[in-house]
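Listed below, chain by chain, are the residues.
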Amino acid sequence: MSFDFGFEELLSGRPLVAILRGVPVDRALELARAVWDSGLGVVEVPIQTPEALECLRALARAGSSAGAVVGAGTVRSPAQVAAAAQAGARFTVAPGFAAEVARASHDAGLAHLPGVATATEVHHALNAGCVWLKAFPAGSLGPGWLREMRGPFPEARFVATGGVDAGNARDYLAAGAAALGVGGAVARPGGLAALLRVLRDER
């Protein structure tokens, strides 16, 4: 059983997962539309607060009108999976791997991207049916970690997340990242535009 069905299509030609954590709705809509219009990515809203769930709902409605999808991030429990699905999320992202969260996402019809940081976690996630994996925190792991994990786990598709920006995006892509999860750098003034320029150059 695969818990990440859909990511191959969802992220095909879209190497950016723009993470909008704690961003006001109006600004989140502005950033999301820039991501969607670029054709280079998808949007994730971490749902740690009621306000974040409202933001997810607003972006999911806008995404539906634009033919784009939105995911929920920092999903750590089956209850959060249910809340994400109700708000209109099409995929879930977690900081770590929990089989019950992956299973709940699958049962709700949502693709799931679990976080991994060790070979043991990669092994368990792959055995559970998750091929697309969030390498987190990428800034601490470094691009070399991706190269080393690709050896024993060539089937894994890593989304390098945490500490990634326009200055090091090429390093992670060159090391084998299938996509990049970028949060703080996207929300900073000029950060998204700079990152999109890099990604266009890498196409």
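The structure reproduced in this document is the subject of the present report. The structure displayed is predicted, hence computed values, not measured ones.

1. Description of unusual backbone geometry
Peptide bonds are trans in most cases, and residues, glycine excluded, mostly fall at negative phi. Here F136 and P137 are connected by a cis peptide whose omega angle stands at 0°. Here P137 shows up in the loop between strand 7 (132–135) and helix 7 (138–141). Despite not being glycine, T74 has its phi angle at roughly 55°, a positive value. Its location among the elements puts T74 in the loop between strand 3 (70–73) and helix 4 (78–87). A relative accessible area of 11% places T74 in the buried class.

2. Quick notes on the environment of L192
With respect to the helices, strands and loops of the structure, L192 is situated in helix 11 (residues 191–202). Taking C-alpha positions, L192 is 10 Å from A32, a pair spaced 160 residues apart along the chain. Contact partners of L192, with chain neighbours within four places excluded, come to L16, L31, A34, V35, A185 and V186.

3. Things to note about empty space enclosed by the protein
Within the structure shown, the criterion is met by one cavity of 30 Å³ or more. There is about 30 Å³ of room inside the largest cavity. Lining of the largest cavity is provided by V17, I19, E44, V93, L113, K134, V159, T161 and G181. Across the lining of the largest cavity, the residue classes break down as five nonpolar, two polar and two charged.

4. Digging into the pattern of salt bridges
One pass over the full model with this rule turns up five salt bridges. Among the ionic pairs, R57 bridges to E54, the shortest N-O distance being 2.5 Å. Taken together, the residues span about one helical turn, with R57 and E54 both in helix 3 (residues 50–66) at a distance of three residues. Judged by its relative accessible area of 24%, R57 falls in the partly exposed class. The partly exposed category is assigned to E54, whose relative accessible area is 45%. The salt bridge involving R170 is made with E202; its shortest N-O contact spans 3.1 Å. Of this pair, R170 sits in helix 9 (residues 169–174) while E202 sits in helix 11; the two residues are 32 residues apart in sequence, bridging distant segments of the chain.

5. Things to note about the sheet that holds strand 7
Pairing between the strands of a sheet comes from backbone hydrogen bonds, and it takes one of two forms, parallel or antiparallel. Pairing in this open sheet of nine strands is parallel, and the strands run 5-4-3-2-1-9-8-7-6 from one edge to the other. Where the open sheet ends on each side, the last strands, each with one partner, are strand 5 (111–113) and strand 6 (115–116). Where strand 1 (residues 16–19) and strand 2 (residues 41–46) come together, four bridges link them in parallel fashion. Its bridge partner being in strand 2, A18 is matched across the sheet by V43. Across the sheet, helix 2 (residues 25–38) is in contact with strand 1, strand 2 and strand 3; its angle to strand 2 comes to roughly 155°.

6. Focus: the pairing of strand 8 (residues 157–161)
Counting buried positions along strand 8 yields four of five residues, so the element is predominantly enclosed. Sheet topology places strand 7 next to strand 8; four bridges connect them, and they run parallel. Looking at strand 8, one finds that A135 is bridged to A160. Two elements, strand 8 and strand 9 (residues 179–182), share three bridges in a ladder whose sense is parallel. Along strand 9, the bridge assignment pairs A160 with L180. Handedness of the β-α-β unit built from strand 8, helix 9 and strand 9 comes out right-handed.

7. Side note on the layout of surface pockets
Here the largest pocket defines a volume of roughly 340 Å³. The set of elements that each furnish at least two residues to the lining of the largest pocket consists of helix 1 (7–10), helix 2 and strand 2. Sorting elements by how many residues they give to the lining of the largest pocket places helix 1 first, with three residues. Here the residues of the lining of the largest pocket are counted per class, giving 12 nonpolar, five polar and three charged. Here the second largest pocket defines a volume of roughly 210 Å³. Forming the boundary of the second largest pocket are 15 residues, of which I19, G162, V182, G183 and G184 lie nearest the centre. When contributions to the lining of the second largest pocket are tallied by element, the ones reaching two or more residues are strand 9 and helix 10 (184–187). In the lining of the second largest pocket, the residues fall into five nonpolar, six polar and four charged.

So, how was this worked out
- Residues numbered from 1 in each chain as written.
- Predicted model: local features only at pLDDT ≥ 70, side-chain atom pairs only at ≥ 80, totals over all residues.
- Heavy atoms only, no water.
- Helix = DSSP H or I, 4+ residues; strand = E, 2+ residues; numbered from the N terminus.
- Buried < 20%, exposed > 50% of the residue type's maximum accessible area, 1.4 Å probe, protein only.
- Contact = heavy atoms within 4.5 Å.
- 1 Å grid on protein atoms, 1.4 Å probe; cavity = no way out; pocket = protein on both sides within 12 Å on 5 of 7 lines; lining within 4 Å.
- Points joined across faces, edges and corners; volume = space filled by probe spheres on them.
- Nonpolar A, V, L, I, M, F, W, Y, C, P; charged D, E, K, R; others polar.
- Salt bridge = Lys/Arg side-chain N within 4 Å of Asp/Glu carboxyl O.
- Pairing = 2+ DSSP bridges.
- Axes fitted to C-alpha atoms, helices over the stretch in contact; angles between N-to-C directions.
- Right-handed = clockwise from strand over helix to strand, strands pointing away.

By themselves these figures say nothing about function.
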